[in-house]
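One letter stands for each residue in the lines below.
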Amino acid sequence: MQRRDLLKIIGGTAGTAVLGASAVSNEESSSTPTRSDEPNSTNRDEEEEESIRREEIGRELVGAGAHDLLTNEELGELLAGLEAESDGRVSTAVLGESNEGREIHTARVGEGDLDVLAIAEQHGHEPFQAEGYVAALGYLGTADRSEVEELREEVTLHVIPRVNPDGFAARQRVNHAPDAPENEPEEGFHTREGGWDPNRYHRYDWEESTLYRHRPEEYPENPVPESRYVIELAREIDPEWVLDCHRQGPHVDSNGDLIDASIGWPQSPEVPADAQERSQQLATVLYGRLPEVEECYITEFTAAGSIPGSLETPTR
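Okay, so let's go over this structure. (Residues numbered from 1 in each chain as written. Predicted model: local features only at pLDDT ≥ 70, side-chain atom pairs only at ≥ 80, totals over all residues. Heavy atoms only, no water.)

**Some details on helix α4 (residues 129-142)**
Part 1 of the argument: Its 14 residues give α4 an end-to-end C-alpha distance of 20 Å, which sits within 8% of 20 Å, the value for a rise of 1.5 Å per residue.
Part 2 of the argument: The buried fraction of α4 amounts to ten of the 14 residues, a majority that puts the element mostly inside the structure.
Part 3 of the argument: Buried within α4 we find Gln 129, Ala 130, Glu 131, Gly 132, Tyr 133, Val 134, Leu 137, Gly 138, Leu 140 and Gly 141. (Helix = DSSP H or I, 4+ residues; strand = E, 2+ residues; numbered from the N terminus. Expected span 1.5 Å × (residues − 1). Buried < 20%, exposed > 50% of the residue type's maximum accessible area, 1.4 Å probe, protein only.)

In structure tokens, the structure reads:
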């Protein structure tokens, strides 16, 4: 990545959904696939309303399947179990703790020179990706098939399956920070009552962030620990590309068919042209190689805002 601003790259390279209507997107907000902390005043109110509506839908979806979701303790136990079961092919660590003291887990599989960073659940009300990552790590760490062995030799996959464990526990978008200021994007405050949005604070150089430029004395450092841990790991491994999973929310195509997942790439004007082009190539290759999966409809982002219309209520 060569010190590119992580904010411009993270989450937009490519993505897949894990279950049901949970999906990945490269969205800076829930309705606009950008990757900038600079607000767009013309549609900010509409984006906020859409984000709140999707959070309500997310809680409904999570509530319906809550018994199938891993608690953060169970997630850590499963990752530790994979380390033993894989004879060390999967290694695990704790990046740090959230504001409420929950561990933020990471895992690694492979010994290749090409480093890939995969993260998920920056938004606590967008579940299911952690469970999918555990399944993927288990397969990549234990399978003896030749193509998997070749992959382990060529690639090192680094995973943060649940970036925001406090938000997950509360089933909310933001982290746990009761003293978080009121939401003011122009000032660099991307917040909701009770916390900061971790998906808005990925500046490699904090002094270039909107918040620092407006409040340097009050916020000399990034106030979001979850985002800091992602940046620290990215600095350490210098990944070739980044995968960021989100819940896309219910959408239908022009025929009214429900879209289960989408694969996208960063489309913010801040993204360097070469990075955007390479990300689009990767997303297109991934999309083209997806196997046919019965009862799973996956689409590809082709332009900003290209997801078809959203549903007012979830259909499954």
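**Some details on the pairing of strand β4 (residues 155-160)**
Part 1 of the argument: Summarising burial for β4: six of the six residues are buried, a large majority.
Part 2 of the argument: Residues Val 155, Leu 157 and Val 159 point to one face of β4 and Thr 156, His 158 and Ile 160 to the other, with burial holding for every one of them.
Part 3 of the argument: Bridging between strand β2 (residues 103-109) and β4 involves three bridges; their strand directions are antiparallel. Bridge assignment links Arg 108 to a residue of β4, and that residue is His 158.
Part 4 of the argument: In this structure, strand β3 (residues 114-120) lies alongside β4, joined through six bridges in parallel fashion. Bridging across to β4, Ala 118 finds its partner in Val 159. (Pairing = 2+ DSSP bridges.)

**Points about the sheet that holds strand β7 (residues 241-245)**
Part 1 of the argument: Pairing within the open sheet is mixed, and its five strands lie in the order β1-β2-β4-β3-β7. Among the strands making up the open sheet, the edge pair consists of β1 (90-97) and β7. The sheet shows a mean angle of 20° between the axes of neighbouring strands, taken without regard to direction. (Axes fitted to C-alpha atoms, helices over the stretch in contact; angles between N-to-C directions.)

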